[in-house]
Every structure is written in structure tokens, then in C-alpha cells.
Amino acid sequence: MTHHLVVGAGPIGRALALRLIERGDRITLATRSGTAIDGTQGLRMDASDPAAFSTAASKCQTIFLCTGPPYARWATEWPPIFAATIEAAQGSGASLVIMGNLYAYGKPEGAMTEASPYHPVEKKGQVRLAGWQVALAAHERGEIRAVEVRASDYFGPGIGKNTHLGVDFFRPILQSKKAMVVGDPDAIHSWSFVPDIVSTLVAAGDFTGPWGRIWHVPSNLPLSRRDIASQLNSRYGCAGRVVGYPQWVLRLLGYFSPMLREIEASSYQFRAPFVMDARETEALLQIRATPWSEALVLTAESYRV
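This structure is a prediction, so every number in the text was calculated from the model and none was measured.

Undergrad: Sorry, what's going on with the pattern of salt bridges here?
TA: Proximity of charged atoms lets side chains of opposite charge pair with each other. Applying the stated criterion to the full structure yields 14 salt bridges. Its salt-bridge partner being Glu122, residue Lys124 comes within 2.7 Å of it at the nearest N-O pair. Glu122 shares its class with Lys124; the two are buried. Among the salt bridges present, the one from Arg226 reaches Asp186, with a minimum N-O distance of 2.7 Å.

Undergrad: How do you make sense of the side chain of Ser224 when you look at a structure like this?
TA: Structurally, Ser224 can be placed in the loop between strand S10 (214-216) and helix H7 (225-236). The exposure class assigned to Ser224 is buried, which follows from its relative accessible area of 2%. A distance of 3.0 Å separates a polar side-chain atom of Ser224 from the backbone nitrogen of Asp227.

Undergrad: Is there a simple way to explain a nonpolar patch on the surface in this structure?
TA: Together, Trp248, Leu252, Tyr255 and Phe256 make up an exposed nonpolar region whose accessible area comes to about 580 Å². Its place among the elements puts Tyr255 in the loop between helix H8 (247-254) and helix H9 (258-265).

Undergrad: How should the nonpolar core be read in this particular structure?
TA: The tendency in soluble globular proteins is for nonpolar side chains to be buried side by side. Among the nonpolar cores identified, the biggest contains 54 residues, and Leu16, Phe169, Phe170, Leu201, Ile228 and Leu232 are the most heavily contacted of them. When residues in this core are grouped by element, the largest group, seven residues, is from helix H6 (residues 194-206). Residues Phe53, Leu65, Trp78 and Met112 belong to the second largest nonpolar core, which totals 41 residues.

Rules of the game
Residues numbered from 1 in each chain as written. Predicted model: local features only at pLDDT ≥ 70, side-chain atom pairs only at ≥ 80, totals over all residues. Heavy atoms only, no water. Salt bridge = Lys/Arg side-chain N within 4 Å of Asp/Glu carboxyl O. Buried < 20%, exposed > 50% of the residue type's maximum accessible area, 1.4 Å probe, protein only. Helix = DSSP H or I, 4+ residues; strand = E, 2+ residues; numbered from the N terminus. Polar contact = N/O pair within 3.5 Å; in protein donor to acceptor, adjacent residues only side chain to side chain. Patch = residues over 30% accessible without salt bridge, like charges linked within 9 Å, V, L, I, M, F, W, Y side chains within 5 Å. Areas by Shrake-Rupley, 256 points an atom, 1.4 Å probe, with all protein chains shown as cover. Core = buried A, V, L, I, M, F, W, Y, C linked by side-chain atoms within 4.5 Å.

Laid out in C-alpha cells, this is it:
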């Protein structure tokens, strides 16, 4: 039985572990708290501890790095996590699949592809880019085998707070109330459905071609949050509306909240078109995005119960 190490039990790590179990794989799910879900072996682990990480990765075929420190701690917590992950992959011989995002591209001019140049414009993008570059360098030296899967902002059934298209968006709209959002409600944006993220992670881990590259999660045509609210209103007979926080309010609140300071720093992603192109990934991995109408209904229904 194939054995994988999934690090992190957030919405993506948890869904990935369940998908791998469904196909008959053995999963160790590593978190700080030792969280376990049905069918997995829960392990309490600090992902920045090289010795603990290496022990956990022993005899595993793949390490899926799906953890995510709080925004305000990225600069201090990501570098040791990447270092421990690479050391564990090197020592165990496990392939490394990193769950990533689009921050490294900065403010894009046109759609972001798997080959787009890097121009991070704030610290979080710089941190994530540096982590990938360290992993890629180790890959190119022949020490490990690594890839990074990049998604845009994710959504899906039951996704909770601290996401741009989660419970704090869907529930007010479905209740004919006001959903407050970061940035311009009319700016188009790519959205990645969690099951499609999982499909891309699994396919990337199974890929028999060259590694040391980026994969983009296949996602539907970009939509603004006002467009999404309009679709929900039409389908469910509600009258929700979307209002953007004034930028000065985010800046002011950022003086008192490190988390909001980081949200404001990356809010450029919601003030102008932020579009991802995954055609290369679709062609090579042979996966497609879940149709938007299906993904939207599955997600909305989870907030109506």
C-alpha cells in the first residue's frame, strides 16, 4: 500500500487526505495538534522540526506540504518549515508536492501562466517565492524531486472564516444581507474549487514526466464577487449585496491588527483583474475544473443547512 505524508489538516490537507484514502493509499496526517480523520494516522508534529519531519517522512512515497501559518507569521515560520521539509524529502527519498499560491507573481499584466515571471510586491509573496526557489534548487542539484501546485483563492463546501469566498460571503448573501469584501466587488478574480485543488495535487504527485516545475489548478472563468452574488440571488431568490471595505479602513485597522495589515498588503489582488491560466496543466495532467454551476451550488448548499 502506498504511504503518503500530508502535512496540514486545513480545508485542503483534510480533503486531500480523504481523497487519497478513497483510492486505497495509506496516509499519515501531520499537524501541531495531532488531528486525525477517519482512515488516517494522526501525528503530532512541528513542521519546522527537521528531526521530527524526517522521522514522519520515513518510508513515505510523497510528502504533500499543505500547512499554512497565519499571515503575520509567514516571514518567521515559512523558512524553517521549508528547510525541514527539504531535509525530510532528501533523507527519506520521498517526492515533494508543495501547495502554493499566486502571490509570487505580484500584480499581473494579463493572465498568470505556469511560466509567468515573478514580481512579488509584498512580503508574503517574497517569502513563498523564496521557499519555492530553495526547493527548486535542491531539485536541480538532484537532492530531491519537487513540484509546486498553485491555486487562486479557494472556495468549497463548508469552508469557514478567513477566506475571501467562504462563510462570511455566502451566508450573508443567502440571507439577503450585506457581504463585506476586501477590494473592488466588481474586479474579476480566479477562484479555485477545493476538490479541483485536490485533483491537481494528486495528479502532480502521480506525474511520471519531468518534475521541478509549477502546476496551476484548473479553475473556471474569472468572476467578480458581485457577479457571484447575482447568481446566488437569481438561483435562491435572495437579495444579498456586496460592499467593499474602503481601502483607508483596512489601512487604519492594520495599525492595530497584524492579520489585517497583511490582508491590506495583498489586497491588490482584489482591486484589479487577477486571473490564472491553467491550460498547460490541464493538457499535461488531463484534469479539468468542476463546472462552475456545480461548484457554486455544492458550496452554497453547504451554507444553507
